[in-house]
Amino acid sequence: MAEPPRASSEAVSRRFAKQKRRDTAPELALRREIHRRGLRYRINYPVPSRSRRSIDIAFPKRHLAVFVDGCFWHACPEHSVESKSNSNWWVEKLEGNVRRDQDTNDSLVNEGWRVLRFWEHDLRSEASVSAATDYVEELVSASGSNSASTTANSVASSTDRSR
Ligand SMILES: [Zn+2]
């Protein structure tokens, strides 16, 4: 990968650097609500067979992995448009993140986990956090299916670069 952009892109880089990667408000809200309902989970739980990657909210016994994807770092199709026009370096970086997410999903599914991903922008209201928690609760209480993979937001659509 090329060097990070300089000079003309510095303002952009500063702005991007401010984007939080973890413990964002939507993720904390979801964690609080899950906890409030009596479900117990692990945070930043290691992804099996992928060192240095972690699951935002993990239910290891249930083999359920829940991710809250930041619109910026995970290149949400609705909110990442601006970055695309700014610099090839960022485009490559973010596309790398998307590929990594896909690989993480594949790896987890291969290990018999179910994967649930929410966009940060889908957890902006109390009602949406509550609805997301319903979904998590349902999957936690469902008897563990070994091969099912569920993604709340389609990973396929987030990797679609055609528009
Ligand atoms: Zn978004």
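Above this text is the structure in question.
What counts, and where the lines are drawn
Residues numbered from 1 in each chain as written. Predicted model: local features only at pLDDT ≥ 70, side-chain atom pairs only at ≥ 80, totals over all residues. Helix = DSSP H or I, 4+ residues; strand = E, 2+ residues; numbered from the N terminus. Buried ≥ 20, exposed ≤ 12 C-beta atoms within 10 Å, placed from the backbone. Contact = placed C-beta atoms within 7 Å. Expected span 1.5 Å × (residues − 1). Arc of directions from axis to C-beta.

A. Local environment of the overall build of the chain. For the chain, the helix and strand inventory stands at 6 helices and 4 strands. Each helix and strand of the chain, placed in order from N terminus to C terminus, yields the pattern α-α-β-β-β-α-α-β-α-α. Buried positions account for 26% of the 163 residues belonging to the chain. Long-range contacts, defined here as pairs at least 24 residues apart, represent 69% of the contacts in the chain between residues at least 6 apart.

B. Spatial organisation of helix H2 (residues 25-36). Helix length check: H2, at 12 residues, gives a terminal C-alpha distance of 16 Å against a target of 16 Å (1.5 Å per residue), a fit within 8%. Among all positions of H2, only Pro 26, Glu 27, Ala 29, Leu 30 and Ile 34 are buried. The buried residues of H2 occupy an angular sector of 160° when projected down its axis, which confines them to one face. Exposed residues on H2 whose side chains face more than 90 degrees from its buried face are Ala 25, Arg 32 and Arg 36. Of the surrounding secondary structure, the elements contacted by the buried residues of H2 are strand E2 (54-59), strand E3 (64-69) and helix H5 (126-141). Trailing H2 by a residue or two, Gly 38 shows a phi angle of about 85°, which is positive.

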